[in-house]
Each structure stands twice: as C-alpha cells, then as structure tokens.
Amino acid sequence: MIAAGRVAWAMPPCVGRAPQLVSAMRFGIVLPHFRSVAGAGAIRDVAQAAETLGFDSVWITDRAAIPRGEVNRRFGPVFYDPLATLGYVAACTSRVRLGATVFVLPFRHPVLMARAIASLDQLSAGRLDVGVGTGWMQDEFDAINVPFEQRGALTDEYLDAMIALWTAPVASFAGPTVRFENLASEPLPVQRPYPPIWVGGRTAPAFRRTVKYGQVWHAAPAGLSDLVPAVAALQKTALQLGRDPATIGLTTRAPLHFEPAARSPSEGEIPDLPIGTPDAIVATLHRYQTAGFSELVFDTFFAGFPELEGATPQGILKTMTQFARAVMPAFR
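Residues numbered from 1 in each chain as written. Predicted model: local features only at pLDDT ≥ 70, side-chain atom pairs only at ≥ 80, totals over all residues. Heavy atoms only, no water.

1. Details of the packing of aromatic side chains
Alright, step 1. A full pass over the atoms with the stated rule returns 15 aromatic pairs.
Alright, step 2. Both rings, one in Phe 207 and one in Trp 217, keep their centres 6.0 Å apart while their planes meet at 65°; by these two values the pair is edge-to-face. Taken together, the residues Phe 207 in helix α7 (residues 204-213) and Trp 217 in strand β9 (residues 216-219) connect sequence positions 10 residues apart.
Alright, step 3. Its end group placed over the ring of Phe 148, Arg 151 keeps NZ or CZ at 3.9 Å from the ring centre.
Alright, step 4. In this arrangement the basic side chain of Arg 253 is found over the ring face of Phe 302, its NZ or CZ atom lying 5.6 Å from the centre. (Phe/Tyr/Trp six-rings, centres within 6.5 Å; stacked < 30°, edge-to-face > 60°. Helix = DSSP H or I, 4+ residues; strand = E, 2+ residues; numbered from the N terminus. Lys NZ or Arg CZ within 6 Å of the ring centre and 35° of its normal.)

Given below as structure tokens:
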C-alpha cells in the first residue's frame, strides 16, 4: 500500500527491480519533537496542520544522547524519542507520510528495530519512510557503548539483518555482530517488500550504501550549490556499481524561513536555500526541481540556521500556512 502520488518502488537492482519515480515536487516538515518548541501538543498540531495544509510528509530526527555545549544548544535540552513520536503521530493523522531524517541505525539492535519499523508501518497503514544513517557524534556512541569507528559497517549489517526479517515470516541471518536462526518477527510491514529506505550522507560509503539499499538519497541541509556536485558523485557511483542513477530519488532537508522584501529577486539573486520572500523561495525550489530533487523536508526551528533561532510552535504553524498559500500552489 502506497499513498496516492507517492514514489512507487521496488528493490534496488542488486536485489530486484528499481523504483519508478514520479516527477511532482513534494514537501515535508520536521516535527517539533526537540528543542524548546517540543511538546505533545506542538507535535500533534504541526502534524495535523501538515495534513490540512497539503504537506506530503512529517518527519522526526534521531539522537541517542545530547551532551552539553554546542550540540545541546542546537538539539536540546528536550528531545522526544523518535519511535514513540512517530507512533503518536500515526494515530493523530491519516494521510501524510511519516519519516525519519534519519534513524541512526547503530543506536538500536536490528532485531528490535525491524519489529518497531514493521509495527509503525502497520499502525500507520503503510505510510512510513525509513531514513537511515550512520551518525556523526562520538559522545552519543560512547554513552550507549556502541563502537563509533564501526558505525558504517554496523549500519550495513543492520540493514541486511532487518531486510531479512522484513522479507520472510521466519528468518535466519549470520553477520559479524548479529546472528539469529529461524526467528519469527511479525507483523511484517504493510509495504512490500518493506518500507522505502532513504539513505543519508554525502560520503563515498554513503553513496555506495544508497546504491545498494536505497530507493531515495536524502541529503542533510546544505545549499544547492553544495548538493549538485554530491548528486554527480552519487550518480557516478551508481553507474560504477551497475545501477541506473535515474532509479534513485533525490531528496534533501532544508531550512524554510520567510523574510520581507520590497521586490522579488532577479535570476542572479535567487538564494541557495529556501530563505527569503515567497517569490524567492518559489524560484529557489524550482532550482532544486531542475537539479532533480523530488522532495524537500523543511526545518522551521532547527538552530543550525540563524534565521530559525527563536522559533515558537505558533511561528512554525504560521510558516507552514504561509508556505501552503504562497509557495505550494506553484508546484501543484
């Protein structure tokens, strides 16, 4: 079961058929489940507003621990568990896709994670997208006693183990750190063979991981001028590994912020990120679309961007409403 208008997909060429991609531009919103804006009411309100306003998806991000200092300023001090948040939002909505940008796979044992993801897919009636990544902050890995230097290998092994559990009612698997035999893990996901995998990262291993496992490449927030060469590197990797680059969807996470101005930008002034007047944001998103991106997941409160400092739950809803009225019609 795949929501209307969604990317239709099957397995990557290394394990089956490739996805068939649609060209419509889609838009998601990161839920306020961390920082000072976080709260059950804010999460519910933003998710339901996304559904009412015509957004296509809502998203969580993932942290295991938040140490003091700069990381705490950016992500903390409040951080709702991503799996619990998605379960809550599944019950609060009926149409929007639910996604992770991204799950850090080494944080959780794959047997437990496979069951959690399958359960979420069932509870949401097949609306889940599974973003995956390796993580980047060693303090988190140290806090949960997971070897930081092995995070890439663990991510690949955990993906293999979860796929084994999702694709058979009784599964066996033998890897360097994970082994099980004749293990039943139900319910299986609604989406078959399993929910779409969105792979994050702009490194050579991440590109190889995308080609092997991913239906979609999901970039971290960056200006389009930085993303275009990364797309070229991903496509080159796909060709080297025998996969058609056109079968990999391109998505990214990006800040969204409206600023007043007396005039619309000229072509040479189009910003590199969707920050500015409605006209400027429309022009920027057309650039993303021309570069091949089919979906953007918007940050409206994340402190990685100065423009988003001081956001409030009410401000998030205001930004979403303005986007739906002033920008979204240009892409629908």
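2. Focus on the pairing of β9
Alright, step 1. In β9, alternate side chains face the same way, and those of Val 216 and His 218 on one face and Trp 217 and Ala 219 on the other are all buried.
Alright, step 2. With 3 bridges joining them, strand β8 (residues 197-200) and β9 adopt parallel strand pairing. When the bridges of β9 are listed, Trp 198 appears paired with Val 216.
Alright, step 3. Handedness of the β-α-β unit built from β8, α7 and β9 comes out right-handed.
Alright, step 4. Summarising the sheet, β9 and strand β10 (residues 249-255) pair through 4 bridges and their orientation is parallel. The residue of β10 that forms the bridge with Trp 217 is Leu 250.
Alright, step 5. In this region the chain leaves β9, passes through helix α8 (residues 224-240) and returns to the parallel neighbour β10; the handedness of that crossover is right-handed. (Buried < 20%, exposed > 50% of the residue type's maximum accessible area, 1.4 Å probe, protein only. Pairing = 2+ DSSP bridges. Right-handed = clockwise from strand over helix to strand, strands pointing away.)

3. A short note on the nonpolar core
Alright, step 1. In terms of nonpolar packing, the biggest core is built from 95 residues, with Trp 217, Leu 285 and Phe 323 touching the most fellow members.
Alright, step 2. At 8 residues, helix α6 (residues 151-166) tops the list of elements feeding residues into this core. (Core = buried A, V, L, I, M, F, W, Y, C linked by side-chain atoms within 4.5 Å.)

4. Observations regarding the side chain of Arg 108
Alright, step 1. Checked against the element boundaries, Arg 108 lands in the loop between β4 (103-104) and α4 (110-123).
Alright, step 2. For Arg 108, a relative accessible area of 17% puts it in the buried group.
Alright, step 3. For Arg 108, the side chain forms a polar contact with the side chain of Asp 62, separated by 2.8 Å.
Alright, step 4. Apart from residues lying up to four places away in sequence, Arg 108 is in contact with Asp 62, Asp 81, Pro 82, Leu 83, Phe 103, Met 113 and Tyr 158. (Polar contact = N/O pair within 3.5 Å; in protein donor to acceptor, adjacent residues only side chain to side chain. Contact = heavy atoms within 4.5 Å.)

5. Quick word on the packing of α6 against α7
Packed helices, taken two at a time, are described by their axes: the angle between them and the distance between them.
Alright, step 1. Direction vectors running N to C along α6 and α7 enclose 10°, while the axes themselves pass 11 Å from each other. As far as their axial angle goes, α7 and α6 are roughly parallel. Along the contact surface, α6 presents Gly 152, Thr 155, Asp 156, Leu 159, Asp 160 and Ile 163, while α7 presents Arg 209, Lys 212 and Tyr 213.
Alright, step 2. Of the residues belonging to the contact of α6 with α7, the class tally is 3 nonpolar, 2 polar and 4 charged. (Axes fitted to C-alpha atoms, helices over the stretch in contact; angles between N-to-C directions. Parallel < 35°, antiparallel > 145°, perpendicular 65-115°, else oblique. Nonpolar A, V, L, I, M, F, W, Y, C, P; charged D, E, K, R; others polar.)

6. Some thoughts on unusual backbone geometry
Alright, step 1. Thr 101 connects to Val 102 through a cis peptide bond whose omega is -5°.
Alright, step 2. With respect to the secondary-structure elements, Val 102 resides in the loop between β3 (97-100) and β4.
Alright, step 3. Cis geometry is adopted by the peptide bond preceding Pro 193, which originates at Arg 192 and carries an omega value of 5°.
Alright, step 4. Inspection of the secondary structure puts Pro 193 in the loop between β7 (179-184) and β8.
Alright, step 5. We note that Arg 35 has phi near 70°; this positive angle belongs to a residue other than glycine.
Alright, step 6. Relative to the helices and strands, Arg 35 resides in the loop between β1 (26-30) and α1 (40-53).
Alright, step 7. Take Arg 35: its relative accessible area is 11%, and that puts it in the buried class.

7. What to know about the packing of α4 against α6
Alright, step 1. α6 packs onto α4 with a crossing angle of 50° between their chain directions and a minimal axis gap of 9 Å. For the element pair α4 / α6, the angle class is oblique. The interaxial crossing formed by α4 with α6 has right-handed handedness. Counting all contacts with α4, which are made through Pro 110, Val 111, Met 113, Ala 114, Ile 117 and Ala 118, the residues of α6 involved are Tyr 158, Ala 161, Met 162, Leu 165 and Trp 166. (Left-handed = near helix turned anticlockwise from the far one by under 90°.)

8. A look at α1
Alright, step 1. Its 14 residues give α1 an end-to-end C-alpha distance of 20 Å, which sits within 8% of 20 Å, the value for a rise of 1.5 Å per residue.
Alright, step 2. For α1, every residue scored as buried is listed here: Ala 42, Ile 43, Val 46, Ala 47, Ala 49, Ala 50 and Glu 51.
Alright, step 3. Check the buried side of α1 and you find it contacts β1, β2 (57-60), α3 (82-92) and α10 (313-326).
Alright, step 4. Following α1 by one or two positions, Gly 54 adopts a phi angle in the positive range, close to 100°. (Expected span 1.5 Å × (residues − 1).)

9. Let's talk about the side chain of Thr 284
Alright, step 1. Following the sequence through the fold, Thr 284 ends up in helix α9 (residues 278-290).
Alright, step 2. Since its relative accessible area comes to 1%, Thr 284 is described here as buried.
Alright, step 3. Ignoring any residue separated from it by four or fewer positions in sequence, one finds Thr 284 in contact with Ile 270, Pro 271, Asp 272, Leu 273 and Pro 274.

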